[in-house]
Amino acid sequence: MDTEDGAGFEPATGDGPRAPEPDARRSASVRTAFEGMLQIRRLTNTGHADPQVVPARWEVLRPVRAVAIALEASGLPPSAVDGSELRTAAGYRLQRGEAPGGVRVEWLGPPGSGAPHSEEAGLTRCSEVLRELGWTVLLYRGARRRRFLEVEPPAGARGPDGG
């Protein structure tokens, strides 16, 4: 899944620099990564009636990457930061969750971006995308009453050690 410039493809987690408007090359890389993820599901989830609606072991072992691919492929905007770690764009931000194999999804943006007002709609859309792909999604309220999602693989997709 390399990009044309030879660098490895990295899906947007919301902690990188603000990307320019999506170009054809980036869109193709995202589409290829997402289609590859679905192909892995088809080939490895053979014990399921519909293998595309259950995360594959590959995803369970790399949950932040898998969730990032899914959200970016859905067209949801990632947040972004500049060189001094200041938010420059509103959107989703991913990081390891509290539970083993989990992912925390927040909706963040720079001051004045309206991110707190759009977080409910943004997180609802993130939740819909991830549930359609078989992830377990729970909504929580954290500090300053800001909402966030905890995303985990379904119980049957976790290994015996919980992850």
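Residues numbered from 1 in each chain as written. Predicted model: local features only at pLDDT ≥ 70, side-chain atom pairs only at ≥ 80, totals over all residues. Heavy atoms only, no water.

### Here's the deal with the environment of L138
- As for its placement among the helices and strands, L138 is situated in strand 5 (residues 136-141).
- Sequence separation of L138 and R104 is 34 residues, and the distance between their C-alpha atoms is 9.8 Å.
- With residues up to four places along the chain from it excluded, the contact list for L138 reads R131, F148, L149 and E150. (Helix = DSSP H or I, 4+ residues; strand = E, 2+ residues; numbered from the N terminus. Contact = heavy atoms within 4.5 Å.)

### Considerations on the side chain of N45
- Following the sequence through the fold, N45 ends up in the loop between helix 1 (24-44) and helix 2 (57-61).
- Of note is the side chain of N45, whose polar atom sits 2.7 Å from the backbone oxygen of V54.
- Apart from residues lying up to four places away in sequence, N45 is in contact with I40, P51, V54, P55 and A56. (Polar contact = N/O pair within 3.5 Å; in protein donor to acceptor, adjacent residues only side chain to side chain.)

### Some thoughts on helix 4 (residues 115-132)
- End to end, helix 4 covers 24 Å across 18 residues, agreeing with the expected 26 Å (1.5 Å per residue, within 8%).
- Of all bends in helix 4, the biggest is about 30 degrees, found at A121.
- Within the span of helix 4, buried status applies to A115, E119, G122, L123, C126, S127, V129 and L130.
- Buried positions along helix 4 lie against helix 3 (63-73), strand 3 (91-96), strand 4 (103-108), strand 5 and strand 6 (147-152).
- A positive phi of about 90 degrees marks G134, the residue just after helix 4. (Expected span 1.5 Å × (residues − 1). Bend = angle between axes of the 7 residues up to and from the residue. Buried < 20%, exposed > 50% of the residue type's maximum accessible area, 1.4 Å probe, protein only.)

### Looking at the packing of helix 3 against helix 4
- Running from N to C, helix 3 and helix 4 cross one another at 115 degrees; their axes reach a closest spacing of 10 Å. It follows that helix 3 is roughly perpendicular to helix 4 by the angle criterion. The interaxial crossing formed by helix 3 with helix 4 has right-handed handedness. Contacts from V67, A70 and L71 of helix 3 reach helix 4 at C126, V129 and L130.
- In the contact of helix 3 with helix 4, the residues fall into six nonpolar, no polar and no charged. (Axes fitted to C-alpha atoms, helices over the stretch in contact; angles between N-to-C directions. Parallel < 35°, antiparallel > 145°, perpendicular 65-115°, else oblique. Left-handed = near helix turned anticlockwise from the far one by under 90°. Nonpolar A, V, L, I, M, F, W, Y, C, P; charged D, E, K, R; others polar.)

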